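Descriptive analysis of the structure
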Amino acid sequence: MKDSKAYEPAMRRAMELSLLGPKYGANPQVGAVILDEKLTIIAEGFHNGAGTAHAEVVALEKLETIPANATAVVTLEPCNHQGRTGPCAKALIEAGISRVIFGATDPGDESAHGAKTLEQAGIEVFGGLLQEEIIRQQKPWFTATKFKRPFISLKWAQTLDGRSAASDKTSKWISGSVSRNHVHKLRSEIDAIIVGTSTALLDDPELTARKEDGSLYEHQPLRVVVGESALPGELRIFNELAKTEVFATRDIKSVINDLYDKQFKHVLVEGGAKLISSFIALGLFDEILIYQAPLLVGGTNVAVEDIGITTMQAAIQLEFQEVVQLGEDIFIRAIPRGEN
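For clarity, every value in this text was computed on a predicted model and none was experimentally measured. (Residues numbered from 1 in each chain as written. Predicted model: local features only at pLDDT ≥ 70, side-chain atom pairs only at ≥ 80, totals over all residues. Heavy atoms only, no water.)

Summing up its helical and strand segments, the chain has 10 helices and 13 strands in all. Along the first, second and third principal axes, the C-alpha atoms of the chain reach 70 × 45 × 35 Å. Of all 340 residues assigned to the chain, the portion counted as buried reaches 48%. On the chain, the mean spot of the 35 positive side-chain charges and the mean spot of the 45 negative ones are 1 Å from each other. (Helix = DSSP H or I, 4+ residues; strand = E, 2+ residues; numbered from the N terminus. Buried < 20%, exposed > 50% of the residue type's maximum accessible area, 1.4 Å probe, protein only. Lys, Arg positive; Asp, Glu negative; His and termini not counted. Charge placed at Lys NZ, Arg CZ, Asp CG, Glu CD.)

In structure tokens, the structure reads:
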């Protein structure tokens, strides 16, 4: 399409709308707008989670009639399958939409090929508008769909000298309150938090997602504990504030596969150092999140233990994606080099 740039403002609006839907859950965040013949937005919609109407349908339902030569602009290729809701491609066809502009191609095995269905119905279709930006914005879902495993974030707090605890094993609190609020917001947006049995026993964490005022976020991720050590039932991780699942194994690949089969698309590994190091050694991570505090404690309790690297030439190469100050701390988000 020669005039595709004319649709970029509408696509950027659709991208903004997509972020209004929940980040957690198996479904992607999708936004859609309907344009009239003059390319004026006349309806908007976004997907609000599993079981709710898809973005295109939400937008269409806001119009009593569809004007001639109307265009639908959607961040993701309209789906082509019957799930909890009907196929969006069919809804656009039945509504009488003349043109569909979408951003990223749907990589799903069942949901893909909506563009072909639209074209076969005589609708003009153009795909790939701002596709790279949309994929970056929706990286967890695209990663999970492509690799058949959840998007994996590794998170830890460390002192300036790279320690996750003092010599007496204490780690509360390395990071400050601003960083802790940042973590709680992150927890509210993911599907599961993973810790090892050592962390559960030593720190007795609750692993809930709380707002600054101490109240719980509406969404609480599944609390996952991995390891073979016995866990007493009075640990806070077993309270009624969120669900907990224990995997009595050291095979983290099997844990990740099980979580994917249960439709978890984004997991956060919070510790301890042994578990995080195992994920790194296996190459099972998509981003690293570090909360670095201006503290020095020395000792041997490093944030990352042996990951099988013996020479500097073999070091895992990362790229900084975000470096910001949170109170007195520095937050760093890094990804494997070359995986933008």
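Right, let's talk about the environment of Asn69 for a bit. Within the secondary structure, Asn69 sits in the loop between helix H2 (55–60) and strand S3 (71–76). On the basis of relative accessibility, which here comes to 38%, the residue Asn69 falls in the partly exposed class. For the pair Asn69 and Asp329, spaced 260 residues apart in sequence, the C-alpha separation works out to 53 Å. Discounting residues that sit within four places of it in the chain, Asn69 has contacts with Asp36, Glu37, Ser98 and Arg99. (Contact = heavy atoms within 4.5 Å.)

Next up on the list: the sheet that holds S3. Pairing in this open sheet of 5 strands is mixed, and the strands run S2-S1-S3-S4-S5 from one edge to the other. This sheet does not close on itself; its edge strands, each paired only once, are strand S2 (41–46) and strand S5 (124–127). Strand-to-strand twist of the sheet, defined as the mean angle between neighbouring strand axes without regard to direction, takes the value 15°. Of the strand pairs in this sheet, strand S1 (residues 31–35) and S3 are connected by 4 bridges, and their pairing is antiparallel. Note on S3: the bridge partner recorded for Leu35 is Thr71. The strands that helix H1 (residues 8–18) touches are S1, S2, S3 and strand S4 (99–104); relative to S1, the one it contacts most, it runs at about 140°. (Pairing = 2+ DSSP bridges. Axes fitted to C-alpha atoms, helices over the stretch in contact; angles between N-to-C directions.)

Let's shift gears to the sheet that holds strand S12 (residues 318–326). In space, the 8 strands of this open sheet follow the order S9-S8-S7-S10-S6-S11-S13-S12, with mixed pairing throughout. The open sheet terminates on both sides in strands that have one partner only, identified here as strand S9 (244–247) and S12. Ignoring which end each strand starts from, the neighbouring axes of this sheet average 20° apart. Relative to strand S8 (residues 222–226), strand S7 (residues 192–196) runs parallel, the two sharing 5 bridges.

A complete count under the given rule lists 2 aromatic pairs for this structure. The interplanar angle of 80° and the centroid separation of 5.0 Å between the aromatic rings of Trp141 and Phe142 together place this pair among those described as edge-to-face. Taking the relative accessible area as the measure of exposure, Trp141 reaches 8% and is therefore buried. Residue class for Phe142 comes out buried when judged on its relative accessible area of 10%. Each ring, one from Tyr291 and one from Phe331, has its centre 4.9 Å from the other, and the planes form 45°; the classification is tilted. Pair noted here: Tyr291 is in strand S11 (residues 287–292) and Phe331 is in strand S13 (residues 329–336), with a separation of 40 residues, a long-range link. You'll find Tyr291 and Phe331 in the same group, each marked buried. Directly above the ring of Trp173 sits Arg180, whose terminal nitrogen or CZ lies 4.3 Å from the centroid. (Phe/Tyr/Trp six-rings, centres within 6.5 Å; stacked < 30°, edge-to-face > 60°. Lys NZ or Arg CZ within 6 Å of the ring centre and 35° of its normal.)

Turning next to the pattern of salt bridges. A full pass over the atoms with the stated rule returns 18 salt bridges. As a salt-bridge pair, Glu189 and Lys23 come within 3.5 Å of each other at their nearest N and O atoms. Highlighted residues: Glu189 in the loop between helix H7 (177–187) and S7 and Lys23 in the loop between H1 and S1, separated in sequence by 166 residues. For the salt bridge of Arg149 with Asp286, the shortest nitrogen-to-oxygen distance reads 2.8 Å. Here the residue Arg149 occupies a position in the loop between helix H6 (139–147) and strand S6 (151–158), and Asp286 occupies one in the loop between helix H10 (273–281) and S11, the gap between them amounting to 137 residues. (Salt bridge = Lys/Arg side-chain N within 4 Å of Asp/Glu carboxyl O.)

Time to look at H1. For H1, every residue scored as buried is listed here: Ala10, Met11, Ala14, Met15, Leu17 and Ser18. One side of H1 carries all its buried residues, which in axial view fall inside an arc of 160°. The secondary structure elements touched by the buried residues of H1 are S1, S2, S3, S4 and helix H5 (131–137). (Arc of directions from axis to C-beta.)

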